[in-house]
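# Structural overview
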Amino acid sequence: LARLRRNGVSDNWTGASDVPETVSNSTVLSNGTDKGDSIEISGTVFQKDGKTAAAGTLLYLYHTDLEGYYGRRKDEHRHGRYRGWLLTDRNGRYSFKTIKPAPYPENRWAAHIHMTVTTELKREDWIDSILFEGDRLISPRERSEAGKRGGFNPILSLEKGEDGILKATRNIQLMA
């Protein structure tokens, strides 16, 4: 993690520079008292070839609350409380649970989850945000450019599992 932390960009819009000491390939961003639809996103990070697993890739993610806001309290990070880190396992796999975010209050942008990737060879870089199929705010431009930064389609169709949690897969392809 120390090498990945050094590959982060030192500003408060990124996440690699303040990654915790302990990170696993799964995390939970919300707690049991949060209102909203529970979602679980899992996937695999692949090397540039789109086939070879990328073990040890650091993912940072964050999203808005149910009203479309990030951090609003003085003591809260500007990305809010729905933020976390993942380190892919030896097979490139990761997963996280949270609540489905809301669009920004102005309804100008579709609901989304921001993601960055950091490897030992590549500094932290933004990839396509996770979007949700059926969101009327997804623009034609977002649809046409989907997958250009992170490979694979980031517009996910959520399906309700037997446990009542909405689930989807977001695979990622490293571009360098």
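Now for a look at the structure at hand. (Residues numbered from 1 in each chain as written. Predicted model: local features only at pLDDT ≥ 70, side-chain atom pairs only at ≥ 80, totals over all residues. Heavy atoms only, no water.)

### Thoughts on the sheet that holds strand β3 (residues 58-63)
Within the open sheet, the 5 strands sit side by side as β4-β3-β6-β7-β8. Their pairing is mixed. Whereas interior strands pair on both sides, the edge strands pair on one side only; in this sheet they are β4 (83-87) and β8 (155-156). Where β3 and β4 come together, 5 bridges link them in antiparallel fashion. Counted as the bridge partner of Leu61 is Gly84 from β4. (Pairing = 2+ DSSP bridges. Helix = DSSP H or I, 4+ residues; strand = E, 2+ residues; numbered from the N terminus.)

### Considerations on the packing of aromatic side chains
Taken as a whole, this structure holds 6 aromatic pairs when the rule is applied. Aromatic pair Tyr60 and Tyr62: ring centres 5.7 Å apart, planes at 35 degrees, arrangement tilted. The residues Tyr60 and Tyr62 share a single accessibility class, namely buried. Assessed through its relative accessible area of 1%, Tyr60 is described here as buried. Through successive ring pairs, a cluster of aromatic residues spans Tyr60, Tyr62, Tyr70, Trp85, Tyr104 and Trp126. (Phe/Tyr/Trp six-rings, centres within 6.5 Å; stacked < 30°, edge-to-face > 60°. Buried < 20%, exposed > 50% of the residue type's maximum accessible area, 1.4 Å probe, protein only.)

Honestly, it's all geometry; don't read function into it.
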